[in-house]
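Structural description and commentary
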Amino acid sequence: MEKETRVLDEVTIRFAGDSGDGMQLTGGQFTNTSAAMGNDLSTLPDYPAEIRAPIGTTYGVSGFQIHFGATEINTPGDHCDILVAMNAASLKVNLRSLQENGIIIVNTDGFGDKNLKLAGYSQSPLADGSLSKYQLFQVDITKLTNLALADLNLPQKTIDKTKNFFALGMMYWMFNRTLDNTNQWIIEKFGKKPELVEANSRVMKAGWNYAETTDVFAVKYEVKPAPLTPGKYRNINGNQAAALGLVAAAHQANLDLFLGTYPITPASDILHELATFKNFRVKTFQCEDEIAGITSAIGASFGGALAATTTSGPGLALKTEAMGLAVMVELPLVIINVQRGGPSTGLPTKTEQADLLQAIYGRNGESPIPVIAASTPSDCFTMAFEASRIALKYMTPVILLTDGYLGNGSEPWLLPQEKDLPSIAPKFRTDPENYMPYQRDDITLSREWAIPGTIGLEHRIGGLEKQDKTGNINYEPENHDLMVKLRAAKVERIANDIPLAKVDGPESGDILVVGWGGTYGTIKTAVERKLKEGKSVAHLHLKYINPMPKNVGEILSKYKYVLVPEINLGQLIKILREKFLVPAIGLNKVQGLPFRSVEIEEKIDSVLGGKL
Amino acid sequence: MSILVDEAVNQSLVSTVKYTSKDFSSDQDVRWCPGCGDYSVLAQVQRILPELNYPKEKIVFISGIGCSSRFPYYMDTYGFHGIHGRATAIASGLKIARPDLMVWVATGDGDGLSIGGNHMIHVLRRNIDLNILLFNNQIYGLTKGQYSPTSEAGKITKSSPVGSVDMPFNPASLALGSGGTFVARSLDRDPKHMQTIIKRAAEHKGTSFVEIYQNCNVFNDGAFFQFTEKETKSDSVVFLEHGKPLVFGKDGDKGIKLDGFSPTVVSLKDGSHSTNDLLIHNEKDSTLAFILANMTYNAEMPRPVGIFLAIDRPRYEDEMEKQIDSAISKRGKGQLDKLLNGGDTWVIQ
Ligand SMILES: Cc1ncc(C[n+]2csc(CCOP(=O)(O)OP(=O)(O)O)c2C)c(N)n1
Ligand code: SF4
Ligand SMILES: [Mg+2]
């Protein structure tokens, strides 16, 4: 039977199964193949918090969502069009993310009595009509996998581990993808074990053949390449990108990179990544706690390293006192907070944007720290590099906010070339003549970096208030007032050294949607759709929050309404109201999940409709 | 080290200048209470540093918060007065980033064992080459006299008006238990002894932990007088010397012998024992070090003072450098363009 091919602009697929079913791998392979075929895309893994949850339970479900298209893709997708569910629990957990009339492909073997019970189904959803508003495809993937490998004499455990390739093969057929990339990967991965190469690649082909030859699937789809900027790409997630940004900055600055840190989800991957860069002289120090993480980094910075510390919310709380020390001693330090759901231990594997006020204000005393935020996974590279640049140039700690969604989510990244990176040229003071530790540069107000080992520059710094210029301990009222103001002014001056804010959409109009951080893609998608509908909407995404670009106030004043969607109870909005006295409107949701574009679109509509 | 650091700093590890103790005293007024034991530590350190022949600009003193933690301000070296309890962590980062520096830590019983106890045990197990001077005055001096984690049980202070019910740490046992490779104790009022210990601590490769009994004459005056004053010292203190029998008392009339694992005091005067029966100190023996350190709060025994343990173990920072060197020799020096172009890449035409 000749099968019909339909052309689609964009598609979202969610692979879901038990933690042991290899869904991350399946999704990763589908991603790499689609990227190589020229689609734009965005992905998001969804791991369970438990490491080895019991098999078949809902809390052991692992998912991977990929949104790919022939057009620009900015988010991993609000809803999925296709759900691949390897067992009952994964269907149960993920059905809510499926589009009405969406496609469900299930492995029927995962819907036995035991699996149904574990998932909390009293009767099989495959049989009771509850899935009638979807297109359900039932395939006994387990049995077909076993059949495909019958003559290889492999242990049952090995066979079970290949069944995700059957599902992958079917999806490759359905979307007209080549098997070559994954076959190549299988050879690289299992090259030393020929029986595994044979098994995995045979099962994938069996999945492809099954879809091609049986009557189960009547339609296949084509998603053409997207008009991407020509060049070399790789797929990158935010944590990898942040790690590379730090390495690149240290390299450009001719400094060694030091990371002092303590493992915490979802930030640990930055440590894991950096621990592999020893040939760049990167030193990763896994400490006894977050306080040692930041204070060891401050020590390394005193010694002339580009020092960084990475963490998530609870860890940032522990670093609080030491951040104040870094403000006081005016040493460069990059602090990366990959935000997660809080407060306390909160939702460790879920995303949130609720640490903004903590980052800006959360210290004792007047303790100004520049705060910047990455807006997409690959932007974590740019902003980690930028955090390093600012820290080194202004001799200050800098907080970079990312979040779990950016850290784990990935997108194609047009590789930067070394020559295109901004210059970072820190200098150490070496001249002992008239050296004063707190003498400041006229333009940046930053003090000089004088490191131990330099002849004639012996000096002492610390957390006690300093006398202006000499840096000696000083408790005089006027001096403290002056120093408090100097430290604040230094951070304010960074506004002279960052790009002006740019609006996407009309430069004035009815409504400006202002976001920061990981909501970028969602807001962009929503605003673009509204623009297409002819609405007067624009998007401003703030990457520099403290200080802000100098033109933000002016931009805000050009729109009738300012809408600020945030995954918190309204933090940026407080700052905007306070700084610019704008009657901004909030859109706030704190579910541990990213916004969906439609939610923002609906809010835009209701604001335009006069319902604030 | 990085190119920039290399260019800025003196590469030599040997001083070409002959220093005197004056060279190590800064222009800042010393602000400890008159009579405070901290003065003695400062004097002995300034006395010994010239003997080490280490370039002054490569010496760094790092402290936390407390009276004792003011120490770096008075040294004409590089210095960092940190935050409460974190001196060891700040120093760890500095030493790992810059193994060429000689890094000292000045800390108190509160700073190093209470708020900073966690960092202390971890630096000891890692054996990072820091020289830690723990000023033990058995009190919180700077905050005006609360009991500390080394104050004796029953201690009456402002925060324990009817006596503290806390059991004190024995710093030497804690350091040994944490895997310390150099663990010693000295006395503020025995300058010669302190000088010897400070010098040995500086020469030790690995973390050196030196507990110094330090009199706080304002909030805990006389806490150690039994061990430091003429009348009582000889009967109350046994000095540990490598390879020598444990003799103490007026005219060396007493000794310590091992009874199973328990040290006991024997008389060398009544004819029952001679020095041949006594325990010979061996600072390489970690089991013995524990036994001796445990004599500390035993009322029957003299207070052990000296070097409990001095053994070699690889230093954290050296091991880290080795991994770096090996990565560079295997993979070549990191090249940024290669790194950025790494991973699974594809080209869009
Ligand atoms: C985070 C923090 N908590 C508490 C204090 C108050 N504080 C300063 S020094 C100190 C105790 C110091 O005792 P110790 O380390 O024994 O030093 P000493 O003054 O006895 O030399 C305390 C509790 C502080 N500075 N910082
Ligand atoms: S309070 Fe005690 S420890 Fe502090 S300076 Fe005075 S005497 Fe020394
Ligand atoms: Mg004390």
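Bear in mind that the values here come from a model prediction, so they are computed numbers and not experimental data.

Reading guide: rules and limits
Residues numbered from 1 in each chain as written. Chains lettered and ligands numbered in written order. Predicted model: local features only at pLDDT ≥ 70, side-chain atom pairs only at ≥ 80, totals over all residues. Heavy atoms only, no water. Helix = DSSP H or I, 4+ residues; strand = E, 2+ residues; numbered from the N terminus. Rg over C-alpha atoms; globule rule 2.2 N^0.38 Å. Buried < 20%, exposed > 50% of the residue type's maximum accessible area, 1.4 Å probe, protein only. Areas by Shrake-Rupley, 256 points an atom, 1.4 Å probe, with all protein chains shown as cover. Lys, Arg positive; Asp, Glu negative; His and termini not counted. Charge placed at Lys NZ, Arg CZ, Asp CG, Glu CD. Near = heavy atom within 4 Å. Polar contact = N/O pair within 3.5 Å; in protein donor to acceptor, adjacent residues only side chain to side chain. Nonpolar A, V, L, I, M, F, W, Y, C, P; charged D, E, K, R; others polar. Axes fitted to C-alpha atoms, helices over the stretch in contact; angles between N-to-C directions. Parallel < 35°, antiparallel > 145°, perpendicular 65-115°, else oblique. Left-handed = near helix turned anticlockwise from the far one by under 90°. Contact = heavy atoms within 4.5 Å. Pairing = 2+ DSSP bridges. Right-handed = clockwise from strand over helix to strand, strands pointing away. Core = buried A, V, L, I, M, F, W, Y, C linked by side-chain atoms within 4.5 Å. Buried area = accessible area lost by both parts, 1.4 Å probe. Salt bridge = Lys/Arg side-chain N within 4 Å of Asp/Glu carboxyl O. Domains from an automatic or database assignment. Donors = N, O, S within 2.8 Å, 3.2 Å for Na, K, Ca; no water.

**Concerning the overall build of chain A**
The secondary structure content of chain A amounts to 21 helices and 23 strands. Over its C-alpha atoms chain A spans a radius of gyration of 27 Å, differing by no more than 12% from the 25 Å that the globule rule assigns to 612 residues. A burial count over chain A gives 62% of its 612 residues as buried. Of the accessible surface of chain A, which amounts to about 23,100 Å², a share of 51% is contributed by carbon and sulfur atoms. One way to put it: in chain A the 61 positive side-chain charges average out to a point 1 Å from where the 68 negative ones average out.

**A short note on unusual backbone geometry**
Residue and element names in this part refer to chain A. For the bond running from glycine 342 to proline 343, omega is 0°, close enough to zero to count as cis. Relative to the helices and strands, proline 343 resides in the loop between β13 (333–339) and α14 (356–361). Look at the link from asparagine 546 to proline 547: it is a cis peptide, with omega at -10°. Even without a glycine there, the phi angle at glutamate 330 is positive, about 50°. By the secondary structure assignment, glutamate 330 is in the loop between α13 (320–329) and β13.

**Examining the site of ligand 1**
The environment of ligand 1 is made up of 17 residues, and the closest members are Cys67(B), Ser68(B), Asp109(B), Asp111(B) and Gly141(B). Neighbouring residues of ligand 1 are not confined to a single chain but are spread across chains A and B. Take Asp111(B): an N or O atom from its main chain is 2.6 Å from an oxygen atom of ligand 1. For ligand 1, an oxygen atom lies 2.9 Å from a polar atom in the backbone of Leu142(B). Computed on the free molecule, ligand 1 has an accessible area of 590 Å², of which 77% lies beneath the protein chains in the complex. The element that contributes the greatest number of residues to the shell around ligand 1 is helix α4 (residues 109–115) of chain B, accounting for four residues. Per-class residue counts for the shell around ligand 1 are six nonpolar, eight polar and three charged.

**Some points on the packing of helix α11 (residues 290–302) of chain A against α13(A)**
Residue and element names in this part refer to chain A. Where α11 meets α13, the closest approach of the two axes is 9 Å, and the angle between their N-to-C directions is 15°. Judged on the interaxial angle alone, α13 and α11 are roughly parallel. Crossing handedness for the pair α11 and α13: left-handed. For the pair α11 and α13, contact is made by Ile294, Thr295 and Ile298 and by Ala322, Met323, Leu325 and Ala326, respectively. Of the residues that constitute the contact of α11 with α13, the class distribution is six nonpolar, one polar and no charged.

**Things to note about the environment of Asn551(A)**
Residue and element names in this part refer to chain A. Structurally, asparagine 551 can be placed in the loop between β21 (544–546) and α19 (552–556). Its relative accessible area of 13% is what places asparagine 551 among the buried residues. Between the C-alpha atoms of asparagine 551 and alanine 495, which are 56 residues apart in sequence, the distance is 9.9 Å. When residues no more than four places from it in sequence are discounted, the contact partners of asparagine 551 are Leu500 and Ala501. A distance of 2.9 Å separates the side chain of asparagine 551 from the backbone oxygen of alanine 501, its partner in a polar contact.

**Comments concerning the pairing of strand β23 (residues 585–588) of chain A**
Here is the key point about a regular strand: its side chains alternate between the two faces of the sheet. All names here are of chain A. Burial along β23 is one-sided: Ile585 and Leu587 are buried, and none of Gly586 and Asn588, which face the opposite way, are. Across four bridges, strand β22 (residues 559–566) lies against β23 in parallel orientation. Opposite glutamate 566, over in β23, you have asparagine 588 as the bridge partner. Read from β22 through helix α20 (residues 572–580) to β23, the crossover connection turns out right-handed.

**Overview of the nonpolar core**
Leu274(A), Val514(A), Leu542(A), Leu572(A) and Phe80(B) are the most contacted members of the largest nonpolar core, which has 165 residues in total. If near-sequence neighbours (up to four positions away) are discounted, Leu542(A) is found in contact with Val514(A), Gly515(A), Trp516(A), Gly517(A), Met548(A), Pro549(A), Val552(A), Leu572(A) and Leu576(A). By size, the runner-up hydrophobic cluster in this structure holds 53 residues, among which are Leu41(A), Met86(A), Ile186(A) and Val197(A).

**Quick notes on the interface of chain A and chain B**
Tallying the contact residues gives 80 residues for chain A and 70 residues for chain B. The junction of chain A with chain B conceals about 6,200 Å² of combined surface from both sides, 62% of it contributed by carbon and sulfur atoms. Three residues stand out in chain A for area buried against chain B, namely Asn279(A), Glu288(A) and Arg460(A), and they jointly supply 12% of the buried area on that side. Here Glu321(B) ties to Lys283(A) by a salt bridge, and the two come within 2.5 Å at their closest N and O atoms. Of all the secondary-structure elements, those providing two or more residues to the side of chain A that touches chain B are α1 (23–36), β9 (231–237), α9 (238–253), β11 (283–286), α11, α13, β16 (410–414) and β17 (460–462) of chain A. Considering each element in turn, the side of chain A that touches chain B owes the most residues, eight residues, to α11(A).

**Details of the packing of helix α7 (residues 180–190) of chain A against helix α8 (residues 194–213) of chain A**
Packed helices, taken two at a time, are described by the angle between their axes plus the distance between the axes. All names here are of chain A. Across the interface, α7 lies against α8 with an axial gap of 9 Å and an inter-helix angle of 160°. Comparing their axes, α8 and α7 come out roughly antiparallel. Crossing hand, α7 versus α8: right-handed. Contact residues: α7 offers Thr182, Asn183, Ile186, Ile187 and Phe190, while α8 offers Pro194, Leu196, Val197, Asn200, Ser201 and Met204.

**Describing the domain arrangement of chain A**
Residue and element names in this part refer to chain A. The domains assigned to chain A are domain 1 (4–222), domain 2 (234–420) and domain 3 (503–608). On a C-alpha basis, the centres of domain 1 and domain 3 stand 36 Å from each other. Opposite the six residues of domain 1 that make contact, domain 3 presents 10 residues. When domain 1 packs against domain 3, the two sides together hide about 600 Å² of surface, and 46% of this comes from carbon and sulfur.

**Notes on the coordination of the magnesium ion (ligand 3)**
Residue and element names in this part refer to chain B. Bound to the magnesium ion (ligand 3) are the protein donor atoms Asp109 (OD), Asn137 (OD1) and Ile139 (O), situated 2.0 to 2.2 Å from the metal. Taken in chain order, the donor set of the magnesium ion (ligand 3) reads D-x27-N-x1-I. Of the two residues, aspartate 109 sits in helix α4 while isoleucine 139 sits in the loop between β4 (130–136) and α6 (171–177), which places them 30 residues apart along the sequence. Taken individually, aspartate 109 and isoleucine 139 each receive the classification buried, so the pair is uniform in this respect.

**Here's the deal with the sheet that holds strand β12 (residues 306–311) of chain A**
Backbone-to-backbone hydrogen bonds join strands into a sheet, with any given pair of strands oriented parallel or antiparallel. Residue and element names in this part refer to chain A. Sheet architecture is open: seven strands sit in the order β11-β10-β12-β13-β15-β14-β21, paired in mixed fashion. Looking at the sheet topology across the chains shown, the edges are occupied by β11 and β21. Taken pair by pair, the neighbouring strands of this sheet meet at an average axis angle of 20°, ignoring direction. As judged from the three bridges shared by strand β10 (residues 257–261) and β12, these two strands associate in the parallel manner. Residue pairing for β12: leucine 257 is matched across the bridge by leucine 306.

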